[in-house]
Structure formats: structure tokens, C-alpha cells
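Each chain, written out:
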Amino acid sequence: MPRRSTVTNLMTLLSMVYPNLDSGRQVDVIYTDLKAAFDSLPHGLLLAKLERLGVGEPLYSWIRSFLFRRSYSVRVEGAFSEPYFGVSGVPQGSILSPLLFSLFLNDCVSVLPPKGHLLYADDVKLFFPMSSPSDFTLLQNSLNGFSDWCSSNGLTLCTSKCCVMSFCRSAGVIHHNYSLGSVVLSRVSAIVDLGVRLDSSLSFCVQIDEVVARANSTLGLIARLAPEVRDPRCLMALYRCWVRPILEYAAVVWTPAGVTAWGRLEGVQRRFTRLAVRRLLGYNASPRPPYESRCQLLGLSTLQSRHRNAQAIFIAQLLLHHTDAPDLLSLIPLYVPSHSLRVRPPLLLPTRRTRLTQNDPLIRAMSAFNGLSHLFDYHVSIPSFRLRLIT
């Protein structure tokens, strides 16, 4: 959806988890999985929902013709099966299909608690902070309601892929058994949520391990191709296109706080700059410039500065309503003194009692924004703010 992303989804979840951990509460999250979600939407029910939403002619008839009488065949060694006309599913690969799926799925929120669910395409997660035994029942009732909604709308939950994870900062985790029908959901200590690996302690160690491994593997492929690449600018294009996105995807969520983790991430770019500078200055160039000088020579910023800029831009997008996340915007406390005595940062950072919850990604993003707020202005666009950060 416009102005929403996997990052806003994850930040909304974590902005609820961290304060509850700080208060000593456990947060249970149920991750659901729909079986063949895009292929299972009943055409008749989808059209009925569109009509109920106010989709009229001629758009209604156009969408109907887009869905109905679409034939499929199977080819085996040159022989084709008889055509099959599907009565469910939206065509994969179409720009319109994800929108139709979202419109179909959106009314499931009527059976879910307002502040206890998050949706992204066919990923639906249910969550609730646990303060008393009755809270486990409330989350189970939410799961039952979602399961009943799926059954009445022609969708099926894949029980083998649905799971539960408990976020808790103490060793005394309460392992409540959640079930779908007669099947007890499996409990996990780590899960990939919209491309980011979350663990129950929110250390992001596994996420950083996987990011570094994938980036080094991709960089190794580029290094093996290096003898065939004569132009350093081509190497730079390969790095920016294939390696750096791995190191920066959803970085606002998992940006490390420790020096050791930063050294591992920065080590990937260090390795690339050595390769690129050798190609730029010649293989026998000696002595080799230090890392910061190599970055300047190649027109690169350090990963740490790019992550910091991404955090500041995320807050700026919320303040300027370039990002549609009201729950997150409501958590940003503007500092409004009664009278001005000295220069103050624009955001008043909330306090946290524990070291774990001090790493709340929203608080860290606000801290980064405070440090760069002299470059921000409500009358300046996000591209202009980004350019100011870079220069």
C-alpha cells in the first residue's frame, strides 16, 4: 500500500513489544500462514465484496472479465491437457492481483482486536501482552475468530506453518499452548518476519549473521568476476545493486548497537573498497589508503552513517506524513518547552529501565534524528533532507 512497507509493519510490532518488555510483561505473537492464499480467493465472493465496497460500472464488469473464464492448461512433452477454467484465485504476476487480494482480506479485521493484529499481503500476525491468565484466552479467541473467518471466506490456514513466539526478557517464559482445532501450534525461538529474523530476546544476532553471510557470498561472486570487469565504475554499480541492499534492507529495525557487530557489517564494505581501489589505482598500488579514504575516493559513505541517515529519514517521513503509520507517529514526543532558554533537541526521548529495551529501534531512530535535526525543516521535502544528510 502507498506510504506503508515491511519496515512500518515491523516497527509497529516492536514499538508495542519493547515497552511491554520494559514493564516486565511477556508478549505472545501468533504467526499465521494461509495455504495457497492468492490461488484460493473465490471469484464470486471477491466480486460481492467489491460491490459492497462501492465499486460500480464499468470498473466492476472490467474486473469481472479479468477474473472469469480464464483458462489453464498443462503441457507435458508437447502434449496439452484439456483447458481448465478456474473459479478461484487472482492471476499471479499482475499488478492488480495484490490489490484485489488486499481488498478481499481487509474485512478480517472485523473479527480481530483493533490493537492486536498486523497485516502485510497474506502475512497476518496476532499478538497480545500477557498480564494475566485471561490474556492467553483473549489471544486464543482472536485466533479462533480469524480461523472461522478464513473458513467462511474460502481460505485455509496451514496449521503446520502457523507458529507462536514469546518475547520475554526473563527466563520464566510462560509456554501457553495455542491451538487451531485439535492441532497445537508449534513454538519457535526465532522466525523470519517480512525478511527480518526476529529472536525471542531481540538481540538480532542471527539477523546480522545472515546479512553478513549473504553479503559476503554475493561480494565473493563479484570478486570472482573482477578480472573481467575493467571499469571500477562497473564494480561500484555491482556493489550498489547487489551487495549494499542486503546490508541495508529494513536496517532501521535491526541496526546494531555494539561495536563488534558494526565491525562485521563494515567489514563487507572494507573488503569491497580494497578490491575497487586496487582496480582504480592499479594492482601494485602501495601503500593502500585507509578505509575512510578509500570510501571518499570511491564516493561511498560508511555503512554506519548510512544506517544513521536511514533512521533520521524514517522519523522525518513520519513527521511529514510521507509514511502512513499513525500508531508510530503517536509515539513520537515533540519537545515543546514553555519558554526557550537554550537549544533543545526537537524530540523528547522516552526513558527505559533495562539495557535491552534501550535498544528499541524507534527510540534509536529518534535519537539519530535529534543528532541531525539541524538539517531538517518541515518545509523541506524528504529528497532535499536526504541530500542534506549525504552532503
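Rules used in this analysis
Residues numbered from 1 in each chain as written. Predicted model: local features only at pLDDT ≥ 70, side-chain atom pairs only at ≥ 80, totals over all residues. Heavy atoms only, no water. Helix = DSSP H or I, 4+ residues; strand = E, 2+ residues; numbered from the N terminus. Buried < 20%, exposed > 50% of the residue type's maximum accessible area, 1.4 Å probe, protein only. Contact = heavy atoms within 4.5 Å. Phe/Tyr/Trp six-rings, centres within 6.5 Å; stacked < 30°, edge-to-face > 60°. Lys NZ or Arg CZ within 6 Å of the ring centre and 35° of its normal. Pairing = 2+ DSSP bridges. Axes fitted to C-alpha atoms, helices over the stretch in contact; angles between N-to-C directions. Polar contact = N/O pair within 3.5 Å; in protein donor to acceptor, adjacent residues only side chain to side chain. UniProt positions renumbered as here; feature names shortened; annotations may be inferred. Left-handed = near helix turned anticlockwise from the far one by under 90°. Nonpolar A, V, L, I, M, F, W, Y, C, P; charged D, E, K, R; others polar. Arc of directions from axis to C-beta.

The name given to the protein chain in an unreviewed UniProt entry is Reverse transcriptase domain-containing protein, with the source organism recorded as Anopheles atroparvus.

A. Main features of the overall build of the protein chain. The number of helices and strands found in the protein chain is 14 helices and 13 strands. Along the first, second and third principal axes, the C-alpha atoms of the protein chain reach 70 × 65 × 45 Å. The buried share of the protein chain, taken over its 391 residues, is 43%. In the protein chain, 68% of the contacts between residues at least 6 apart in sequence involve partners at least 24 apart.

B. Fine view of the side chain of S305. Within the secondary structure, S305 is located in helix α11 (residues 303-319). S305 gets classed as buried once you look at its relative accessible area, which sits at 17%.

C. Local environment of the packing of aromatic side chains. Within this structure, the stated rule accounts for nine aromatic pairs. Centre to centre, the rings of F376 and Y378 are 5.1 Å apart; their planes meet at 75 degrees, and the pair counts as edge-to-face. Residue F376 is classed as buried on the basis of its relative accessible area of 13%. Through a chain of ring-to-ring contacts, the aromatic side chains of F369, F376, Y378 and F385 assemble into a single cluster. We note R69 situated over the ring of F85; from NZ or CZ to the ring centre the distance is 4.0 Å.

D. Structural view of the sheet that holds strand β11 (residues 186-187). Pairing in this open sheet of five strands is mixed, and the strands run β6-β7-β1-β8-β11 from one edge to the other. Edge positions in the sheet fall to β6 (117-120) and β11, since each of these pairs with one other strand and no more. Here strand β1 (residues 26-31) runs beside strand β8 (residues 163-167); their pairing, made up of five bridges, is antiparallel. Its bridge partner lying in β8, I30 is registered against V164. Across the sheet, helix α5 (residues 133-152) touches β1 and β7 (123-130), and the angle it forms with β7 is around 165 degrees.

E. Main features of the environment of H175. Among the secondary structure elements, H175 is positioned in the loop between β8 and β9 (179-180). Among the residues examined, H175 registers a relative accessible area of 55% and is labelled exposed. Taking the C-alpha atoms as reference points, H175 and M165, separated by ten residues in sequence, lie 9.3 Å from one another. Polar contacts involving the side chain of H175 include one to the side chain of R187, which spans 3.3 Å.

F. Molecular detail of the side chain of T8. One can find T8 in helix α1 (residues 6-22). A polar contact is formed between the side chain of T8 and the backbone oxygen of S5, at a distance of 2.8 Å. If we skip the residues at most four places from it in the chain, T8 touches F314, T323 and L328.

G. Focus on the UniProt feature "domain: Reverse transcriptase" (unreviewed entry) in the protein chain. The sites that UniProt annotates as "domain: Reverse transcriptase" (unreviewed entry) are residues 1-175. Structurally, residues 1-175 is divided into 38% helix and 18% strand, and its ends, taken at the C-alpha atoms, are 35 Å apart.

H. Focus on the environment of D122. Tracing the backbone shows D122 in the loop between β6 and β7. D122 gets classed as partly exposed once you look at its relative accessible area, which sits at 24%. Residues D122 and A36 lie 86 residues apart in sequence; the distance between their C-alpha atoms is 9.6 Å. The contact partners of D122, leaving out residues within four places of it in the chain, are L34, A37, F38 and F101.

I. Layout of the packing of helix α7 (residues 232-248) against α11. α11 packs onto α7 with a crossing angle of 65 degrees between their chain directions and a minimal axis gap of 11 Å. The hand of the α7/α11 crossing is right-handed. Facing Y239, R244, L247 and E248 of α7, the residues of α11 in contact are L303, R306 and H307. A class-by-class count of the residues in the contact of α7 with α11 yields three nonpolar, one polar and three charged.

J. How the structure looks around helix α14 (residues 382-390). Taken together, the buried positions of α14 are I382, F385 and L389. Taken down its axis, α14 places every buried residue within 60 degrees of arc, on the same side. Residues P383, L387 and I390 are exposed on α14 and point more than 90 degrees away from its buried face. In the core, the buried residues of α14 are packed alongside α11 and α13 (361-371).

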